[in-house]
Amino acid sequence: MSASPYDVIRVTASNASEYTQDGTNSWIVGSPGCADAVLIDPGPDDPVHLASVEAELERRDMRLSDVIVTHAHDDHLGNLWRVALRQPEVRLHSLFTGLPGCIETSFGELRVIPTPGHTHDSVMVWGEEAGVLFTGDTALGDGPTMIDYPDGSATDYLTSLETALALPGLRAVHPGHGRSRKDAYEVLGWNLAHRRARVDRVREVADQLHRDAERIVDHCYPGVAPALRPAALQNTQAALEHLFPSSTGR
Ligand SMILES: [Zn+2]
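The model shown is predicted, which means the values in this text are computed figures rather than measured ones. (Residues numbered from 1 in each chain as written. Predicted model: local features only at pLDDT ≥ 70, side-chain atom pairs only at ≥ 80, totals over all residues.)

Caption draft 1: Structural view of the pairing of strand β9 (residues 132–136). Counting buried residues along β9, five of its five residues qualify, which places the element largely inside the surrounding structure. Both faces of β9 are covered, namely the face carrying Val132, Phe134 and Gly136 and the face carrying Leu133 and Thr135. In this sheet, β9 lies alongside strand β8 (residues 123–127) in antiparallel orientation, the contact comprising three bridges. Across the sheet, Trp126 pairs through a bridge with Leu133, a residue of β9. If you look at the hairpin formed by β8 and β9, you'll find four residues sitting between the two strands, and Gly131 has a positive phi there, around 70°. Summarising the sheet, β9 and strand β10 (residues 172–175) pair through four bridges and their orientation is parallel. Looking at β10, one finds that Leu133 is bridged to Val173. Regarding the hand of the β-α-β motif, the stretch spanning β9, helix α4 (residues 154–165) and β10 is right-handed. (Buried ≥ 20, exposed ≤ 12 C-beta atoms within 10 Å, placed from the backbone. Helix = DSSP H or I, 4+ residues; strand = E, 2+ residues; numbered from the N terminus. Pairing = 2+ DSSP bridges. Right-handed = clockwise from strand over helix to strand, strands pointing away.)

Caption draft 2: Quick peek at the sheet that holds strand β4 (residues 64–68). In space, the five strands of this open sheet follow the order β1-β2-β3-β4-β5, with mixed pairing throughout. The two strands at the open ends of the sheet, each matched to only one other strand, are β1 (7–12) and β5 (91–93). Shown here is a sheet whose adjacent strand axes are inclined to one another by a mean of 20°, direction ignored. Here six bridges tie β1 to strand β2 (residues 25–30), and the two strands are oriented antiparallel to one another. Pairing of Val8 across the sheet is with Val29, part of β2. (Axes fitted to C-alpha atoms, helices over the stretch in contact; angles between N-to-C directions.)

Caption draft 3: Examining helix α6 (residues 213–220) more closely. Considered for burial, the residues of α6 that qualify are Ala213, Ile216 and Val217. Burial along α6 is one-sided: seen end-on, the buried residues are contained in an arc of 105°. Considering only its buried residues, α6 is in contact with α5 (184–206) and α7 (229–243). (Arc of directions from axis to C-beta. Contact = placed C-beta atoms within 7 Å.)

Caption draft 4: Quick look at the nonpolar core. Ranked by size, the top nonpolar core spans 52 residues in total, and within it Ile28, Val29, Val38, Leu39, Ile40, Val125 and Leu133 carry the most contacts. Setting aside its immediate chain neighbours within four residues, Ile40 contacts Trp27, Val29, Ile68, Thr70, Val125 and Phe134. (Core = buried A, V, L, I, M, F, W, Y, C linked by C-beta atoms within 7 Å.)

Caption draft 5: Structural detail: the packing of α5 against α6. At a closest axis distance of 10 Å, the pairing of α5 and α6 adopts a crossing angle of 115°. If you check the angle between α5 and α6, you find them roughly perpendicular. The handedness of the crossing between α5 and α6 comes out as right-handed. On α6, the residues that touch Arg201, Val202, Val205 and Ala206 of α5 are Ile216, His219 and Cys220. Here the residues of the contact of α5 with α6 are counted per class, giving five nonpolar, one polar and one charged. (Parallel < 35°, antiparallel > 145°, perpendicular 65-115°, else oblique. Left-handed = near helix turned anticlockwise from the far one by under 90°. Nonpolar A, V, L, I, M, F, W, Y, C, P; charged D, E, K, R; others polar.)

Caption draft 6: Quick peek at unusual backbone geometry. Note that the residue after Tyr149, namely Pro150, is joined by a cis bond; omega there is 5°. The residue Pro150 is located in the loop between β9 and α4 in this model. Residue Gln21 is not a glycine yet carries a positive backbone phi of 55°. Relative to the helices and strands, Gln21 resides in the loop between β1 and β2. By C-beta crowding, Gln21 is classed as buried, having 20 other C-beta atoms within 10 Å. Not every positive phi belongs to a glycine, and Asp61 is a case in point at roughly 55°. For Asp61, the position within the fold is in the loop between α1 (47–59) and β4.

Caption draft 7: Representation of α5 within the structure. Between its first and last C-alpha atoms α5 spans 33 Å; for 23 residues at 1.5 Å apiece the expected length is 33 Å, and the two agree. For α5, the complete set of buried residues consists of Ala184, Val187, Leu188, Asn191, Arg195, Arg198, Val199 and Val202. Those residues of α5 that are buried lie in contact with β9, α4, β10, α6 and α7. (Expected span 1.5 Å × (residues − 1).)

Listed below in structure tokens is the structure:
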């Protein structure tokens, strides 16, 4: 039996790709009969996905009060306008509307924690009472995320993961892509170690390869799929900026 004081429901969009894994997750957080369910990430611009979210709410007799967007990538933000048109009374929280520090609901408090790195505007949502953390694209269910350089930053990313790891009593991570994980600290710790290792790898070869990001990708990501090479390049550029901040002009 779950110790959670509220339900957490995953609705995955039909936008699977190399970058979105099996699709982007929208998360409904609420309690049956409570009039203030919260939607974390409305997902891509897709009426079918929004209909799936609405069907889940209806099935549980939940009504939406707030929507939080974890960051302004299209696959997380795209449906926001549809929610706004269909349910104008719902409060929207995103980069464009302003993000609150905290949302009070009848089932508990959800805190919005700035965690830049994947993008500059990335946030996590922390339900302390239940020990649940919605990580957006800062930590995925499986495997590493990417740093969307130059919007994102490896320096910020490492700090944000340390912030998340310092949260007490984590019982579950609910990511923007992939499965929920109960081994929350292991997932966050793995992401931190992975990013540090990637940065260390770039540090080892940077000078020998003239700090040339393309050459470093060839060396550090041998055999990377063509579709994922842009992400490898951005990760490498972010690592170079982290290691040599004065030479990247930011
Ligand atoms: Zn993203």
